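Spelled out from the first residue to the last, the chains are:
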Amino acid sequence: MAHLLLALSSSLGSVPAAAAQQASSAARVTRSQIDSAIVEAERIVSSPGYSDRIRQIKRREIALLQDRLTEGDLKPGDQLILSVQGEKDLTDTFTVSAGRFVTLPGVADVSLRGVLRSEVGDYLAKELRRYLKDPIVHVRTTVRLSVLGSVAKPGFYQMPSEATIGDAVMLAGGPTGTVDPAKTRVQRGGVEILGREAFSAALAAGRTLDQANLQAGDVILVGGSRTPSRGNWPMNVGIPLVTGLVGFIFLIRQVF
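Residues numbered from 1 in each chain as written. Predicted model: local features only at pLDDT ≥ 70, side-chain atom pairs only at ≥ 80, totals over all residues. Heavy atoms only, no water.

Visitor: How should I be thinking about the overall build of the protein chain in this particular structure?
Guide: Of the regular secondary structure elements, the protein chain holds seven helices and nine strands. Within the protein chain, buried positions represent 47% of all 256 residues. Within the protein chain, contacts between residues separated by at least 24 positions form 67% of all contacts whose residues are at least 6 apart in sequence. Within the structure as shown, the protein chain displays about 11800 Å² of accessible surface, and the carbon and sulfur contribution to it stands at 54%. (Helix = DSSP H or I, 4+ residues; strand = E, 2+ residues; numbered from the N terminus. Buried < 20%, exposed > 50% of the residue type's maximum accessible area, 1.4 Å probe, protein only. Contact = heavy atoms within 4.5 Å. Areas by Shrake-Rupley, 256 points an atom, 1.4 Å probe, with all protein chains shown as cover.)

Visitor: What am I meant to see in the pattern of salt bridges here?
Guide: The tally for this structure, following the rule as stated, stands at 14 salt bridges. The salt bridge involving R43 is made with E40; its shortest N-O contact spans 2.6 Å. Linking R43 with E40, this pair stays in helix 2 (residues 31–46), spanning three residues, or about one helical turn. According to the relative accessible area criterion, R43 is partly exposed, its value standing at 41%. Between R188 and D218 there is a salt bridge; the shortest N-O distance is 2.7 Å. Residue R188 is located in strand 7 (residues 185–188), and its partner D218 is located in the loop between helix 6 (196–205) and strand 9 (219–222); the two are separated by 30 residues in the primary sequence. The class for D218 is buried, based on a relative accessible area of 0%. (Salt bridge = Lys/Arg side-chain N within 4 Å of Asp/Glu carboxyl O.)

Visitor: I would appreciate a short explanation of empty space enclosed by the protein in the present structure.
Guide: Any empty space left between the atoms is revealed when a probe the size of a water molecule rolls over them. Under the counting rule described, the total for this entry stands at two cavities of 30 Å³ or more. For the largest cavity, the full set of lining residues is L64, D67, R68, G72, D73, R188, N213, L214 and Q215. Among the elements that make up the lining of the largest cavity, the one with the highest residue count is helix 3 (residues 52–71) (three residues). Tallied by class, the residues present in the lining of the largest cavity amount to two nonpolar, three polar and four charged. (1 Å grid on protein atoms, 1.4 Å probe; cavity = no way out; pocket = protein on both sides within 12 Å on 5 of 7 lines; lining within 4 Å. Points joined across faces, edges and corners; volume = space filled by probe spheres on them. Nonpolar A, V, L, I, M, F, W, Y, C, P; charged D, E, K, R; others polar.)

Visitor: Explanation requested: the confidence of the model for the protein chain in the structure shown.
Guide: As a note on interpretation, predicted positions should not be read in detail where pLDDT is low. Of all residues in the protein chain, 76% attain a pLDDT of 70 or more, and the chain-wide mean is 81. Looking over the protein chain, one finds the lowest element-wise mean pLDDT in helix 7 (residues 244–255), namely 38, and the highest in strand 1 (residues 79–84), namely 97. With pLDDT under 50 throughout, residues 1–23 is counted as low confidence; its partners more than four residues away or in other chains account for 46 contacts. Counted against residues more than four places away or in other chains, residues 225–256, with its pLDDT under 50, gives 89 contacts. (pLDDT = per-residue confidence, 0-100.)

Visitor: Whenever I open this one, the packing of helix 2 against helix 3 confuses me. Can you help?
Guide: The N-to-C vectors of helix 2 and helix 3 enclose an angle of 155°; their axes lie 9 Å apart at closest approach. Considering the angle they form, helix 2 stands roughly antiparallel to helix 3. For helix 2 against helix 3, the interelement crossing comes out left-handed. Facing helix 2, whose interface residues are R31, I34, D35, A37, I38, A41, E42, I44 and V45, helix 3 presents I54, R55, K58, R59, E61, I62, L65, Q66, R68 and L69. Across the contact of helix 2 with helix 3, the residue classes tally to 10 nonpolar, one polar and eight charged. (Axes fitted to C-alpha atoms, helices over the stretch in contact; angles between N-to-C directions. Parallel < 35°, antiparallel > 145°, perpendicular 65-115°, else oblique. Left-handed = near helix turned anticlockwise from the far one by under 90°.)

Visitor: What exactly am I supposed to notice about the layout of surface pockets here?
Guide: Its boundaries defined by the atoms lining it, the largest pocket holds a volume of some 630 Å³. Taken together, 25 residues make up the lining of the largest pocket; nearest its centre are K58, E61, L194, A198 and R207. For the lining of the largest pocket, the secondary structure elements donating two or more residues are helix 2, helix 3, strand 8 (191–194) and helix 6. Its residues assigned to classes, the lining of the largest pocket comprises 13 nonpolar, four polar and eight charged.

Visitor: Before we go on, may I ask you to explain helix 3 in this structure?
Guide: Residues three or four positions apart in an α-helix share a direction because the helix packs 3.6 residues into each turn. With 20 residues, helix 3 should cover 28 Å at 1.5 Å per step; its first-to-last C-alpha distance of 28 Å lies within 8% of that length. Among the structural elements, helix 2 are those in contact with the buried residues of helix 3. Where helix 3 terminates, the next one or two residues include G72, which has phi positive at roughly 85°. (Expected span 1.5 Å × (residues − 1).)

Visitor: I would appreciate a short explanation of unusual backbone geometry in the present structure.
Guide: Note: most peptide bonds trans; most residues except glycine with negative phi. Located in the positive-phi region is R100, a residue other than glycine, with phi close to 65°. Tracing the sequence through the fold places R100 in the loop between strand 2 (92–95) and strand 3 (101–102).

Visitor: Is there a simple way to explain the nonpolar core in this structure?
Guide: Nonpolar side chains in soluble globular proteins tend to end up buried together. One finds M159, F199, L209 and I220 to be the most contacted residues of the largest nonpolar core, which totals 24 residues. When contributions to this core are tallied by element, the ones reaching two or more residues are strand 5 (137–149), strand 6 (155–160), helix 5 (165–171), strand 8, helix 6 and strand 9. Among residues more than four places away in sequence, those in contact with L209 are V143, L145, M159, P160, S161, A163, T164, I165, A168 and L214. With 19 residues, the next largest nonpolar core counts L82, F94, V107 and V139 among its residues. (Core = buried A, V, L, I, M, F, W, Y, C linked by side-chain atoms within 4.5 Å.)

Right, here's the structure in full:
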């Protein structure tokens, strides 16, 4: 079942652009923050005070973070919700192409390789200065994820990158009756990138998709069985149980 919910731009009409931009920017991970996370992970890897399992997890985390710095965040299928003041044609939702370009009206294709979500606003403003004088640019990003396993409505979702990982699960209808939230994990290309413990920690901390280092094509697998049922799932994940277009619009209003 696919749920490609693309109503982000229309749902933001009542939100002041500057306020929305400030709120979304605060939830995006910067290049310096990724560098700091790599340093901390390397410290754990080099310390004999941690188990081999923990050090292996941190090695995998370092590789993912380094790849993020090199390749950037924006992948095919992601979307940019762009607003350029005074430019109607450039104020729209644009999808990242298979070549990791974005095609904008009247503008040469813009490569997004190596660009983080936290950098995309300034990056596009710089590119647009080749065509416009001092453009005022606001941009938000979405990430295309699969939420599968023990959820009410498994499928594909276009999620704001500033939504929490708990929001993603709840948008997919929430965990079904016997799910154990501690057994949720994230895979990329069939390889686990966020294990059960790490997912539980991210969920408890209210980390966003961006902060959890998720990207287009990642799969959130909600699995396992345990009773009692839904009472095991934290209720402070950001939104109530919602599905479909109305739920997506509600989620966007909460995030932005």
